[in-house]
Amino acid sequence: MLSRLFCLLLTVLIGCLPARAQDPSLLNNAVARAAQSLDKAAPQLGATPFGVDLATYRQVLLGRRFTSPQWGEVTLAMLIEQQASGSCGRFAAYVRTPPENGTIFLVLCPQFFTEGADRLRELTILHELVHVVAGPDECRAMAFAAHVEQFSAGAYTPVEAYWATNGCASSQFSLP
């Protein structure tokens, strides 16, 4: 009886411990891979692909303060969410808009840190930073990210379901 009570108490205590912090090296690697992909794709993208200013986008990737045509002068801050609830229940990451006191927040959700999801992390960074620079248009962000992947790796992540769900076929943007 005592051992059952001890096991129950131990289970309750473990359940009350804070969630283990997400591994920041996964985020750093995703940003580095996104920067490498962008550099490789840049010659084929032009200065403002899909209305995204590439110079500003690069500033964001480098973690510098930047001026966005959409938001003005802002700084990017990344927040790591420990719970898969609210928007984090549906997405790997999302950008909180509009900026608050000169800071725009990229919220990284538990799904972002899934083991073995390096390509998802890179695609997510490429996609979400479009929102940081150019605003909330999902079709623009996905078209930009897909073209960066295509030009840098010769293929892009299949996103047709996402494309259809967001009505992107009738937008001004296209996939490679």
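Quantities reported herein were computed from a predicted structural model and do not represent experimental measurements.

**A short note on the overall build of the protein chain**
Item 1. When you go through the protein chain residue by residue, the secondary structure sums to six helices and four strands.
Item 2. N-terminal to C-terminal, the α/β element order of the protein chain is α-α-α-β-β-β-β-α-α-α.
Item 3. The proportion of buried residues among the 176 residues of the protein chain is 40%.
Item 4. Look at the contacts in the protein chain between residues 6 or more apart in sequence, and 61% of them connect residues 24 or more apart.
Item 5. For the protein chain, the exposed area adds up to about 9,700 Å²; of that, 56% sits on carbon and sulfur atoms.

**Details of the environment of L108**
Item 1. Tracing the backbone through its elements, the reader meets L108 in strand β4 (residues 103-108).
Item 2. The exposure class of L108 is buried, given its relative accessible area of 0%.
Item 3. Through-space distance from the C-alpha of L108 to that of A92 is 6.4 Å; in sequence the pair is 16 residues apart.
Item 4. The contact partners of L108, leaving out residues within four places of it in the chain, are L27, M78, L79, I80, E81, A92, A93 and F113.

**Considerations on the layout of surface pockets**
Item 1. By volume, the largest pocket amounts to about 470 Å³.
Item 2. Considering the residues around the largest pocket, the lining is formed by 22 residues, among which F91, A93, H127, E128 and Y162 are closest to the centre.
Item 3. Mapped by element, the contributors of at least two residues to the lining of the largest pocket are β3 (93-100), α4 (118-134) and α5 (138-153).
Item 4. Top element by residues in the lining of the largest pocket is α4. It accounts for six residues.
Item 5. By residue class, the composition of the lining of the largest pocket is 11 nonpolar, eight polar and three charged.

**Description of the sheet that holds strand β2 (residues 72-80)**
Item 1. Strands sit in the order β1-β2-β4-β3 across an open sheet of four strands; the sheet is mixed. Sheet topology places β1 (66-68) and β3 at the edges, where each strand pairs with a single neighbour. Taking the axes of each pair of neighbouring strands and ignoring which way they run, one obtains an average angle of 40° across the sheet.
Item 2. In terms of strand pairing, β2 meets β4 through six bridges, oriented parallel. Paired with L76 across the bridge in β4 is I104.
Item 3. Taken strand by strand, α4 contacts β1, β2, β3 and β4, and its axis lies near 15° from that of β3.

About the cut-offs
- Residues numbered from 1 in each chain as written.
- Predicted model: local features only at pLDDT ≥ 70, side-chain atom pairs only at ≥ 80, totals over all residues.
- Heavy atoms only, no water.
- Helix = DSSP H or I, 4+ residues; strand = E, 2+ residues; numbered from the N terminus.
- Buried < 20%, exposed > 50% of the residue type's maximum accessible area, 1.4 Å probe, protein only.
- Contact = heavy atoms within 4.5 Å.
- Areas by Shrake-Rupley, 256 points an atom, 1.4 Å probe, with all protein chains shown as cover.
- 1 Å grid on protein atoms, 1.4 Å probe; cavity = no way out; pocket = protein on both sides within 12 Å on 5 of 7 lines; lining within 4 Å.
- Points joined across faces, edges and corners; volume = space filled by probe spheres on them.
- Nonpolar A, V, L, I, M, F, W, Y, C, P; charged D, E, K, R; others polar.
- Pairing = 2+ DSSP bridges.
- Axes fitted to C-alpha atoms, helices over the stretch in contact; angles between N-to-C directions.

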